[in-house]
Amino acid sequence: MTPRLSLYLEKWRKEVDAALKKSIPASKQTLNAAMRYSLFAGGKRLRPILAVAGAEICGLNGTKVLQSACAMEMIHTYSLIHDDLPAMDDDDLRRGRPTNHKVYGEGMAILAGDALLTLAFELIAKNGKILNVSGSAFPDVVLAVAHGAGYLGMVGGQATDLSMENGAWLKENPSHQKKILHSI
């Protein structure tokens, strides 16, 4: 990695972290603590930095899209919280520390993920208002994010992952099973 790229990534990681802290200030509420526990568990913040870089490529100051950039990190974090749940991958550790459901319980972990996803769309909407986005651009952004996070995107991928456990997907798709067995 070039020194220039390293500086860019570090600068925006700090900016994103500061913006995330403003978006979800610390409080004594358990839901808030559960959201922050996973959101601030570490990470490179590549998704929000890519959103910022995209805005800059289009000639916009990256700080103007920080709310939407933070939304990308919140959606990613929500997916990790839900992915770690016992009903999904049943992981005990994430980034070397206990997963959200191990610390806050399954119910609170589900709610923390749901709250992060909902807050992400709230931030995108607020960012659109701040930027005074008009015409079809704003609905197109919301549509793209919803599609990528939704049942045809990330959630759909998780559903496929679950259906592959114990060969269930193969049992539901016998023609695919024959193709796989034939290729072995």
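Residues numbered from 1 in each chain as written. Predicted model: local features only at pLDDT ≥ 70, side-chain atom pairs only at ≥ 80, totals over all residues. Heavy atoms only, no water.

A. Representation of the packing of aromatic side chains within the structure. Using the criterion set out here, one finds one aromatic pair in the structure. Above the plane of the ring of Phe40 lies Lys21, whose end atom (NZ or CZ) is 5.8 Å from the centre. Across from the ring centre of Tyr37, 3.8 Å away, lies the NZ or CZ of Arg97, which sits over that ring. (Phe/Tyr/Trp six-rings, centres within 6.5 Å; stacked < 30°, edge-to-face > 60°. Lys NZ or Arg CZ within 6 Å of the ring centre and 35° of its normal.)

B. Structural context of helix H4 (residues 66-84). Look at H4: 27 Å from first C-alpha to last across 19 residues, which is about the 27 Å you get at 1.5 Å a residue. Where burial is concerned, most of H4 is hidden: 17 out of the 19 residues are buried. (Helix = DSSP H or I, 4+ residues; strand = E, 2+ residues; numbered from the N terminus. Expected span 1.5 Å × (residues − 1). Buried < 20%, exposed > 50% of the residue type's maximum accessible area, 1.4 Å probe, protein only.)

C. Structural context of empty space enclosed by the protein. Enumeration over the complete set of coordinates arrives at one cavity of 30 Å³ or more. Taken as a whole, the largest cavity encloses approximately 110 Å³ of empty space. Secondary structure elements with two or more residues in the lining of the largest cavity: helix H2 (30-39), H4 and strand E2 (97-98). (1 Å grid on protein atoms, 1.4 Å probe; cavity = no way out; pocket = protein on both sides within 12 Å on 5 of 7 lines; lining within 4 Å. Points joined across faces, edges and corners; volume = space filled by probe spheres on them.)

D. Representation of a nonpolar patch on the surface in the model. On the surface, a cluster of nonpolar side chains totalling about 300 Å² of accessible area is made up of Leu60, Ile130, Leu131 and Val133. Among the secondary structure elements, Ile130 is positioned in helix H6 (residues 106-130). The class for Ile130 is exposed, based on a relative accessible area of 60%. (Patch = residues over 30% accessible without salt bridge, like charges linked within 9 Å, V, L, I, M, F, W, Y side chains within 5 Å. Areas by Shrake-Rupley, 256 points an atom, 1.4 Å probe, with all protein chains shown as cover. Salt bridge = Lys/Arg side-chain N within 4 Å of Asp/Glu carboxyl O.)

E. Quick peek at a negative patch on the surface. A contiguous patch of negative charge on the surface is contributed by Asp89, Asp90, Glu106, Asp161 and Glu165. With respect to the element layout, Asp161 can be found in helix H8 (residues 154-163). (Lys, Arg positive; Asp, Glu negative; His and termini not counted. Charge placed at Lys NZ, Arg CZ, Asp CG, Glu CD.)

F. Molecular detail of the packing of H4 against H8. Axis separation between H4 and H8 bottoms out at 11 Å; the angle between their running directions is 20 degrees. Between H4 and H8, the angle is such that the two are roughly parallel. Once H4 is placed against H8, the crossing between them reads as right-handed. Touching Ile75, Tyr78, Ser79 and Asp83 of H4 are Met154, Val155 and Gln158, all from H8. Residue classes in the contact of H4 with H8 are distributed as four nonpolar, two polar and one charged. (Axes fitted to C-alpha atoms, helices over the stretch in contact; angles between N-to-C directions. Parallel < 35°, antiparallel > 145°, perpendicular 65-115°, else oblique. Left-handed = near helix turned anticlockwise from the far one by under 90°. Contact = heavy atoms within 4.5 Å. Nonpolar A, V, L, I, M, F, W, Y, C, P; charged D, E, K, R; others polar.)

G. Local environment of the layout of surface pockets. Space inside the largest pocket adds up to approximately 250 Å³. Considering the residues around the largest pocket, the lining is formed by 15 residues, among which Val65, Ser68, Ile124, Asn127 and Val141 are closest to the centre. Elements with a minimum of two residues in the lining of the largest pocket: H4, H6 and helix H7 (137-149).

H. Inspection of unusual backbone geometry at higher detail. Here the phi dihedral of Asp90 falls at roughly 55 degrees; this positive angle occurs in a residue that is not glycine. For Asp90, a relative accessible area of 41% translates into the label partly exposed. One non-glycine residue, Arg95, adopts positive backbone phi at about 55 degrees. Here Arg95 is to be found in the loop between strand E1 (93-94) and E2.

I. Structural view of the pattern of salt bridges. For the coordinates displayed, the defined rule picks out nine salt bridges. The salt bridge involving Arg45 is made with Glu73; its shortest N-O contact spans 2.9 Å. Here Arg45 is found in the loop between H2 and helix H3 (46-57), whereas its partner Glu73 is found in helix H4, with 28 residues between them in sequence. Neither residue differs from the other here; Arg45 and Glu73 are each classed as buried. Here Arg94 ties to Asp83 by a salt bridge, and the two come within 3.8 Å at their closest N and O atoms. One end of the pair, Arg94, is in strand E1; the other, Asp83, is in helix H4, and 11 residues separate them in sequence. Note on Arg94: relative accessible area 24%, which makes it partly exposed.

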